[in-house]
Amino acid sequence: MTAERREGYDGTGQGAITPDGCAVEVWSRLPVGDAPDVIEAAVPPGARILELGCGVGRMTHPLTDRGFSVTAVDESAEMLARVRADVRTVCGPIEELDLGERFDVVVLASFLVHAGDPAVRRGLLETCRRHVAEDGCVLVQREGENWHRDVPRERSIGPGAWSRLVSATPVGDGVNSVHCEYVFPDGTWTQTFLSRPLSTEAFERALAEADLAVERYLTADRTWVRARPVL
């Protein structure tokens, strides 16, 4: 099954491929890591969370199980079909979202803030600001230092399974075309996407453009950030 691709994004492999090149089957298999722990430690118990780019619910389900009320947003209906029925879901592009609601916490994970198109990045962050309560927070996951330079590299994602960042090729205007492979015993999937590296200063400027400001970096590698709305 093939969805209409965003320009510069592609993916291959069995099953549905989303507009940004993600394979639904791969994201159903990837381990969630420590993201739910990072989020839980950074927000009030039982908070209302708006999760932008939820995918198949890798973070949605652990957060729901921990007592948070999660509204899960993704532009892929195939991804949302894998989210449990007890979770409220919304299908549509994140940068166009306007629910007319405010949430205690807005989560923008999966390095979405590094969108190659600055207009898309602005739209994503404006959606965060539009939906966060005045006393709430926005949690953003950003790329680590040297993420685009330390290539190729790979990591284990399960028995006999590997995630490989194969290349990050400059394509102009400070943007790289990133190519990844996901290798499992029963198949291989690829994703190609555009990513704009952001220094800490550039990242904080991007937040400021959306009237958000860093309150604290939550992890030692500074990849998870808690921001607050500028009042």
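So, a few notes on the structure that sits alongside this text. Since this is a predicted model, take the numbers as computed values, not measurements. (Residues numbered from 1 in each chain as written. Predicted model: local features only at pLDDT ≥ 70, side-chain atom pairs only at ≥ 80, totals over all residues. Heavy atoms only, no water.)

### Quick look at the side chain of Arg 196
Take Arg 196: it is sitting in the loop between strand 10 (187-195) and helix 6 (200-209). In this structure Arg 196 comes out as buried when scored by relative accessible area, which is 11%. The contacts of Arg 196, once residues within four sequence positions are left out, are His 114, Ala 115, Gly 116, Pro 118, Arg 121, Asp 173, Gly 174 and Val 175. (Helix = DSSP H or I, 4+ residues; strand = E, 2+ residues; numbered from the N terminus. Buried < 20%, exposed > 50% of the residue type's maximum accessible area, 1.4 Å probe, protein only. Contact = heavy atoms within 4.5 Å.)

### Points about unusual backbone geometry
Look at the link from Val 151 to Pro 152: it is a cis peptide, with omega at -5°. For Pro 152, the position within the fold is in the loop between strand 6 (132-141) and strand 7 (153-158). Of note in the backbone geometry, Asp 211 takes a positive phi value of approximately 60° without being a glycine. Tracing the backbone shows Asp 211 in the loop between helix 6 and strand 11 (212-217). Here Asp 211 falls in the partly exposed class, since its relative accessible area comes to 43%. Positive phi values are uncommon outside glycine, yet Arg 222 reaches one of about 65°. Relative to the helices and strands, Arg 222 resides in the loop between strand 11 and strand 12 (224-229).

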